[in-house]
Amino acid sequence: MIPADGEVAIRASGLTRRFGDLVAVDRVDLQVPARHVYGFLGPNGSGKSTTIRMLCGLLTPSAGEIEVLGLRIPAEAEALRRHIGYMTQKFSLFEDLSVRENLDFLAAIQGVPRARTRARIDQLIEQYHFGDLQKQLAGTMSGGQKQRLALACAVIHEPELLFLDEPTSAVDPESRRDFWEKLFELADAGTTLLVSTHLMDEAERCHRLAILDHGVLVADGTPQALTGRLQGRTFIVESADPRRAQRLIVDVPGVLSVAQVGNSLRVLTAAGAAAAADMCRHIDATLAGAGQPVHTHATPANLEDVFVAVTGPAAEQAERAA
Amino acid sequence: MNGRRLWAIVVKELRQLSRDRITLAMILGIPIMQLVLFGYAINLNLRGLDAGIVDQANTAGSRALVMDMLATDVVSAARTANTPQQLMAMIRRGDISIGIVVPPDFERRRIDGRPVAQVLVDGSDTTVQSAAAQLAQTPLDSAAPDLRAPPASTPPTPRISVVSFYNPQRVSAINIVPGLIGVIMTMTMVLFTAIAIVRERERGNMELLIATPLTSTELMVGKVLPYIVIGLLQTSVILALGVSLFAVPIRGSVLDVYLAAGLLILANLSLGLLISTRAQSQFQAMQMTFFIFLPSILLSGFMFPFAGMPKAAQWLAEILPLTHFLRLIRGVMLRGASLWELWHDVLALVVFVAVMMGAAIGRFRKRLD
Ligand SMILES: Nc1ncnc2c1ncn2[C@@H]1O[C@H](COP(=O)(O)OP(=O)(O)OP(=O)(O)O)[C@@H](O)[C@H]1O
Ligand SMILES: [Mg+2]
């Protein structure tokens, strides 16, 4: 059942889900390679959770084909359940059970062999730093602690495929590094991970990622490939009065978005706008004309630029221009 | 069905229950409160009820009997009349609650060992009825020895017959307590399972559960098992209180009582499960439960005699588990019948459980849509 390297763990084509008139997921084609950490990026309501639910057989697609670990979903969803772990976006463990009781319960439900259960739970408690919290009720723990427990419970049976829906939304940056260490350890051990997130620094860590917007898959690839596509379209503008400069730059033709970062501005231009050097000169000239001297220089794109370029109003603007 | 997963669900339920103070309080509080309220309200030890007396014999013996009855203080002589018809009219008008009739052939009857007197009761008031039953125990006095009286070792057969108007079923504490087991089970058990599943859906636990290999049957059966134990515990509390406070008899076998209770518990739990597959919120589950509870109380024969209801209501009542349970439990506890003799109602409950459980498991989907 464990796919060999180069194999595809999840394959979906034309995946669609409607809720009444709303199309929550719209003809998504997806290929998730085995043993990778695959990121799912997208704004609120873009259909990340809905897609994950369809992939693990909890929601029936309105249209489209899904194959997960070689099983056809939803027809063979029951067989798939032995091989997956699913960490829901909302905390779904039992708040009135203690840490250890939750682990006990899931070990039994997931069929961890009886002889190994104790050792496995002790190991998880150690790995996920629950030593002193074993007897604490899950409901009384902090948001980050809850998410750690949810991950521990999701991996208790060492599944081949892990679905993590915004697993670190409540985790502080320090613990988040720790959390991602664990995810990579799991990938090294042969697990395929599909992780949804809003956080750019997390997206950057993924082997590959897909960006969803309004249910449509608007971009996918490695982070390098995605940022590479924005080559020559991102600039930093240094200004004495960034807020005023921002209002002026927005009106420069070809500019998609302007965001203030400290005392400078980060500018993203539309595809097919002027070449980088021309753009720098153009911005400098326009603002000098308005009595706002600035200094503009090109900068490598990051994932946030990619995100802005392909989702939301900037993407619509670019589409209209094209 | 996987035994380990089933057991895991049962243990989880019990652990959660042990931390849920309100539910725990409800499990013991409801039966105790209901029993004490119902029991005492109905079993008031009445004194000084207005009685009408017709002594058509007017012999020394008959006068002594009437005096003995008045001496109990349960009744006080308010009216005298000449015929039983006059007494009945007084009862109907509400002038008196009890009528005592000593027929002209009192002495003859006494010698023959036939009933020597009648106590007429307004049976629509159950408290009065129990008072009448008490009166009927008045021994025929020692001054004029009862020639046909059985030897003292055997309990004396009542020689005064009680005729009850308006409530031929003679509902009383003794009658209420067995029925109360059923009412309490209907009230609490349906709600337990109905809420147990809806709550997990509301809290998001269900999304986790349905993504695991856990089957619908394991989940449903695992939810039911702990509550059967709790239901039987409640039954024991009610029985113990009923026997110690109100001297309710258990004439049949105790095992049969528990078996009947077990059947009703199962019926209500599976009904609760079915509700839980429909209800979207705990509040909805509660509303649906009351939708079942009210007809159960009104139509099952707990409040009003079954025979007196219109045909349509009777058919409806046949669908309710409480109706069948009442027949079983009254049969076993009050008449000393065995479940074997009451197989009709046993079968009805078994079928009910099978249908409800099947429907609940069938309707439960391991899907979010
Ligand atoms: N059960 C449902 N019934 C109706 N609409 C739904 C349902 N579930 C999701 N939706 C809608 O589908 C869209 C996608 O929702 P989804 O939860 O997949 O978004 P998401 O990307 O996970 O968002 P977030 O980042 O906020 O978690 C939303 O507009 C949501 O309102
Ligand atoms: Mg979501």
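Check the entry above for the structure.
Let us look at the side chain of Thr311(A). Residues and elements named next belong to chain A. Of note, Thr311 is situated in the loop between helix 11 (303-310) and helix 12 (312-321). At a separation of 2.7 Å, a polar atom in the side chain of Thr311 contacts the main-chain carbonyl oxygen of Phe307. Setting aside chain neighbours within four positions, we find Thr311 in contact with Pro43, Ile211, Leu212, Asp213 and Val218.

What follows is about the coordination of the magnesium ion (ligand 2). In ideal tetrahedral geometry, four donors around a metal make angles of 109.5 degrees, whereas ideal octahedral geometry with six donors gives angles of 90 or 180 degrees. All names here are of chain A. The magnesium ion (ligand 2) binds to the protein through Ser49 (OG) and Gln89 (OE1); the donor distances cover 1.9 to 2.1 Å. Of this pair, Ser49 sits in helix 1 (residues 48-55) while Gln89 sits in the loop between strand 6 (84-87) and helix 3 (99-109), and the two are 40 residues apart along the sequence. Judged by its relative accessible area of 15%, Ser49 is buried. The partly exposed category is assigned to Gln89, whose relative accessible area is 40%.

A few words on the site of ligand 1. All names here are of chain A. Around ligand 1 lies a shell of 14 residues, among which Gly45, Lys48, Ser49, Thr50 and Gln89 are the nearest. In this structure, His198 approaches ligand 1 through a side-chain N or O atom, which is 3.5 Å from an oxygen atom. A total of 640 Å² of accessible area belongs to ligand 1 in isolation, and the protein chains cover 64% of it. For the shell around ligand 1, the secondary-structure elements that each account for two or more residues are strand 2 (22-33) and helix 1. For the shell around ligand 1, the leading source of residues is helix 1, giving three residues. Split by residue class, the shell around ligand 1 holds four nonpolar, eight polar and two charged.

Residue and element names in this part refer to chain A. In terms of burial, strand 8 (residues 192-197) is largely enclosed, as six of its six residues are buried. Here strand 7 (residues 161-165) runs beside strand 8; their pairing, made up of five bridges, is parallel. Counterpart to Leu164 in the pairing with strand 8 is Val195. Tracing the backbone out of strand 7, into helix 6 (residues 173-188) and back to the parallel element strand 8 gives a crossover that is right-handed.

Thresholds applied
Residues numbered from 1 in each chain as written. Chains lettered and ligands numbered in written order. Predicted model: local features only at pLDDT ≥ 70, side-chain atom pairs only at ≥ 80, totals over all residues. Heavy atoms only, no water. Helix = DSSP H or I, 4+ residues; strand = E, 2+ residues; numbered from the N terminus. Polar contact = N/O pair within 3.5 Å; in protein donor to acceptor, adjacent residues only side chain to side chain. Contact = heavy atoms within 4.5 Å. Donors = N, O, S within 2.8 Å, 3.2 Å for Na, K, Ca; no water. Buried < 20%, exposed > 50% of the residue type's maximum accessible area, 1.4 Å probe, protein only. Near = heavy atom within 4 Å. Areas by Shrake-Rupley, 256 points an atom, 1.4 Å probe, with all protein chains shown as cover. Nonpolar A, V, L, I, M, F, W, Y, C, P; charged D, E, K, R; others polar. Pairing = 2+ DSSP bridges. Right-handed = clockwise from strand over helix to strand, strands pointing away.

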